[in-house]
Amino acid sequence: MAWYVVYSKPRAEHIAAMHLNNQGFKTLNPSLRLKKRRSAGLYVVEEPLFPRYLFVNLEEGQDDFSKIRSTRGCVDLVRFGSLPKVVADELIQSIEQGFGADGVLDITASYTQRYSVGQKVQVVEGAFSGLMTEITALKPNDRVLVLLDLMGSCRQVELPVSCLE
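Residues numbered from 1 in each chain as written. Predicted model: local features only at pLDDT ≥ 70, side-chain atom pairs only at ≥ 80, totals over all residues. Heavy atoms only, no water.

*Asks:* Just to check I follow, could you spell out the layout of surface pockets for this structure?
*Replies:* In this structure, the largest pocket spans a volume of roughly 380 Å³. Broken down by secondary-structure element, the contributors of at least two residues to the lining of the largest pocket are α1 (13-22) and β4 (41-48). The dominant element in the lining of the largest pocket, judged by the number of residues it contributes, is β4, at three residues. The residue inventory of the lining of the largest pocket, partitioned by class, reads five nonpolar, four polar and five charged. (1 Å grid on protein atoms, 1.4 Å probe; cavity = no way out; pocket = protein on both sides within 12 Å on 5 of 7 lines; lining within 4 Å. Points joined across faces, edges and corners; volume = space filled by probe spheres on them. Helix = DSSP H or I, 4+ residues; strand = E, 2+ residues; numbered from the N terminus. Nonpolar A, V, L, I, M, F, W, Y, C, P; charged D, E, K, R; others polar.)

Okay, here's the thing in structure tokens:
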């Protein structure tokens, strides 16, 4: 048995994986759960780690590779020349070890866990963009207090951590 890369239709990785699994193929479709900023605030979304690609475990000579092309959500196997390219087992193992049982890596943990009091950061969004500052306190709801030097005096300002780098 070897792992191959399947090229899927746009935004159809999960559909392709579901239909391949229904046909008895073992698939790996790693994805990330993360926070994204939208106009109304931060939202938790799940996105594929490799957009339009997923992995399928096939046995050459036993499995019918042509079924992949006719599976809903799939385009074809990734090929170099006329032969499908085999993926190294080490790569698949490292992906399986790094992701949960459901194939999802959750990176929605509080942004404040990335920062500590006294850490020097740069503001990258908003009215104070470009200023270097120091974190003075961590607040709930992914917010921090920073010390800004504005016009000769130091002020504490509360900012969302998504504005920092």
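Additional details are given in the paragraphs that follow.
*Asks:* Can you help me understand the nonpolar core in this one?
*Replies:* For soluble globular proteins, the rule of thumb is that nonpolar side chains tend to be buried together. In terms of nonpolar packing, the biggest core is built from 14 residues, with Tyr4, Val6, Leu20, Val56, Leu58, Ile68 and Leu77 touching the most fellow members. At the level of secondary structure, the elements contributing two or more residues to this core comprise β1 (2-8), α1, β5 (53-58) and β6 (74-77). In this structure, leucine 77 is in contact with Tyr4, Val5, Val6, Val56, Leu58, Phe65, Ile68 and Pro84, ignoring residues within four places of it in sequence. (Core = buried A, V, L, I, M, F, W, Y, C linked by side-chain atoms within 4.5 Å. Buried < 20%, exposed > 50% of the residue type's maximum accessible area, 1.4 Å probe, protein only. Contact = heavy atoms within 4.5 Å.)

*Asks:* Sorry, what's going on with the environment of threonine 71 here?
*Replies:* Among the structural elements, threonine 71 can be located in the loop between α2 (66-70) and β6. Sequence separation between threonine 71 and methionine 18 is 53 residues, and the spatial gap between their C-alpha atoms is 9.9 Å. Setting aside anything within four residues of it in sequence, one finds threonine 71 in contact with Ala16, His19, Leu20 and Gln23. Looking at threonine 71, its side chain comes within polar contact range of the main-chain oxygen of lysine 67, at 2.6 Å. (Polar contact = N/O pair within 3.5 Å; in protein donor to acceptor, adjacent residues only side chain to side chain.)

*Asks:* Even after reading the chapter, I still don't get the packing of aromatic side chains, so can you show me in this structure?
*Replies:* The geometry of two aromatic rings is summed up by the distance between their centres and the angle between their planes. For the coordinates displayed, the defined rule picks out three aromatic pairs. Seen in terms of ring centroids, tyrosine 7 and tyrosine 53 are 5.2 Å apart; in terms of plane orientation they differ by 50°. Their pairing is tilted. Placement of tyrosine 7 in strand β1 and of tyrosine 53 in strand β5 is noted, with a sequence separation of 46 residues between them. Residue classification places tyrosine 7 among the partly exposed positions, given a relative accessible area of 28%. By relative accessible area, tyrosine 53 is classed as partly exposed at 34%. (Phe/Tyr/Trp six-rings, centres within 6.5 Å; stacked < 30°, edge-to-face > 60°.)

*Asks:* Would you mind going over the side chain of serine 31 with me for this structure?
*Replies:* As for its position among the elements, serine 31 is in strand β3 (residues 31-38). Non-local contacts of serine 31, meaning those with residues more than four positions away in its chain, are made with Glu46, Glu47, Pro48, Leu49, Phe99, Gly103, Val104 and Leu105.

*Asks:* What should I look at first to understand α1 in this one?
*Replies:* Each α-helix turn comprises 3.6 residues. Residues three or four places apart therefore point the same way. By the burial criterion, the buried members of α1 are Glu13, Ala16, Ala17 and Leu20. Down the axis of α1, the sector holding all buried residues measures 100°, keeping them to one side. The outward face of α1, more than 90 degrees from its buried face, is lined by the exposed residues His14 and Asn22. Two residues or fewer after α1 comes glycine 24, characterised by a positive phi angle close to 95°. (Arc of directions from axis to C-beta.)

*Asks:* Explain the sheet that holds strand β12 (residues 132-139) to me, please; I cannot follow it from the model alone.
*Replies:* In a beta sheet, neighbouring strands pair by backbone hydrogen bonds and run either parallel or antiparallel. Strand order in this open sheet of four strands is β11-β12-β13-β14, and the pairing throughout is antiparallel. Each edge of the sheet is formed by a strand with only one pairing partner; in this case those strands are β11 (120-122) and β14 (153-160). Direction aside, neighbouring strands of the sheet carry axes that sit 45° apart on average. Pairing of strand β13 (residues 143-150) with β14, which is carried by eight bridges, proceeds in the antiparallel orientation. Residue arginine 143 lies in a different strand from β14, and its bridge partner there is proline 160. (Pairing = 2+ DSSP bridges. Axes fitted to C-alpha atoms, helices over the stretch in contact; angles between N-to-C directions.)

Note that all results are geometric; they support no functional claim without further evidence.
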